[in-house]
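A structural walkthrough
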Amino acid sequence: MARATSFARNPIFTIFQHLEKLYNPIINERKRGGIYLSDLAYSSPNDTVFTIRNVQVKFGEGVSTEVGYEAKRLGMTDVLIVTDRNIHENTDMVAHIADRLTDKGISVDVFDGVHIEPTDAEVAKGIEYTTGKGHDGFIGLGGGSSIDTAKMINLYTTHPTDDFKDYISPPIGKGKPVPSPLEPHIAIPTTAGTGSENTPIAVVDLVQEKLKTAVSHPYLLPDYALLDPVLTISLPPYYTASTGMDALLHSIEAYTCIPYDTRPRPESPGKRPVYVGSNPVSDIFVEKSIELIGRHVRTACHEPTDLEARHHMLLAAHLGGAFGNAGVHIPHALSYPIAGRNHEIPHGVAVCITGAAALEFLEPKVPEKLGRVARLLGEETGGLSKAEVAASAKEALLSLMKDIDFPSGIADLGFGEEDIDELASAGIKISRLLSCSPRRVKLEDIREIYRKSLHNW
Ligand SMILES: [Fe+2]
């Protein structure tokens, strides 16, 4: 009797009792031929799963000085810094990073052939540069173009292929899965916008096809990101504006994506798309991102050395990188034909320029979410109807664009009414992104969005 009492007081026995209470109803139901876990979890024809995939991050003023420590921890011994010539020749950022690496006994090489909006030919030069040199780690230093180029050089040298399009997303490429993890990659952004450090996607411009497309695979996500607001101070106002609005559109598009549980269940886990749709976690990230950009982008553009604004913009851009799980849709899809025809147009400009018309197109489908976007951007919506509140998101976006001296429309970028058919025919092909839109997009809808975007004001 004494033994039974002491057994009952044993904490493991107590836990067992709790578990028994918890599971007995299910066990009994099973005995009656009733509920099975497989019935509960997998009966829906739609997917029930979303992905929370975030790069490991250190954030804060001066954190880039810790690059040597992190590179060593990741096992790097011979590093290739991937950057652009402007950063290499006109700033001391490459030297700053290289010194911290050599301090830890790591060999450093630099490829500075990254161009804004990288093409397949430029990426090929980077692949050629590193092939046979034995680099065992990569550091993408710069804007999204440098980080994306580092991802692709890493991919194509770790898993070489004869055809560049093998890893490009369908229907343009073959969408071949990446066989195994890549070499370690530390991303160090010098712009606050692309969120590339937090996405498993690399955007590339296919010269022959005149089309921007992407390689996307979970293995492309960098291993670590060092987010140092100090490195973004030297970014000129025009690029602060374009990258900041890119970040804003990432967040708005991710927020208004089709919800993850309205997609059909994939045939296998490997076939689940990288962009799973909006979900409770990405919503939290991008809501904060929208709010921060609404508060700080004007200051970051007009007072470039305001470190507080730079701090919040870098954080906002990173949070907006949650689009790498949720997805982006119409403005990003329609940016590809614009930028593919004029490589001088920064990505963020090409994206944001159709943003207002795209939001107007979505108003009937996601009025609540657009209303929330408007409020996060500081719009007063009291007393307005549901439709008016939704429409105020577009007004808030236009007001921001005007305040930071954005071009007024694609006419300012050199496009006219006569280009719209060609742009729309190219845009409808970006099905990877258009499929994330909460409203089905037809060719005529795209024509109309481009037409309205000729002059936003
Ligand atoms: Fe973007």
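Bear in mind the structure is a predicted one, so any value in this text is a computation, not a measurement.

1. Notes on the environment of Gly340
With respect to the helices and strands, the residue Gly340 is situated in helix H13 (residues 330-341). Here Gly340 falls in the buried class, since 22 other C-beta atoms lie within 10 Å of it. Considering only alpha carbons, one finds Gly340 and Ile153, 187 residues apart in sequence, at a separation of 21 Å. Dropping the residues within four chain positions of it, Gly340 is found in contact with Asp205, Lys210, Leu211 and Lys212.

2. A look at H13
Along H13, 11 of the 12 residues are buried, which leaves the element largely enclosed by surrounding structure. Considered for burial, the residues of H13 that qualify are Ile330, Pro331, His332, Ala333, Leu334, Ser335, Tyr336, Pro337, Ile338, Ala339 and Gly340.

3. A word on the domain arrangement of the protein chain
We note that the domain assignment places domain 1 (56-232) and domain 2 (237-452) within the protein chain. Computed over C-alpha atoms only, the centres of domain 1 and domain 2 are separated by 25 Å. Across the contact, 28 residues belong to domain 1 and 32 residues belong to domain 2. Looking at the side of domain 1 that touches domain 2 element by element, the count peaks at three residues for strand S7 (residues 211-216). Within the side of domain 1 that touches domain 2, the residues separate by chemical class into 12 nonpolar, 11 polar and five charged.

The rules we used
- Residues numbered from 1 in each chain as written.
- Predicted model: local features only at pLDDT ≥ 70, side-chain atom pairs only at ≥ 80, totals over all residues.
- Helix = DSSP H or I, 4+ residues; strand = E, 2+ residues; numbered from the N terminus.
- Buried ≥ 20, exposed ≤ 12 C-beta atoms within 10 Å, placed from the backbone.
- Contact = placed C-beta atoms within 7 Å.
- Domains from an automatic or database assignment.
- Nonpolar A, V, L, I, M, F, W, Y, C, P; charged D, E, K, R; others polar.

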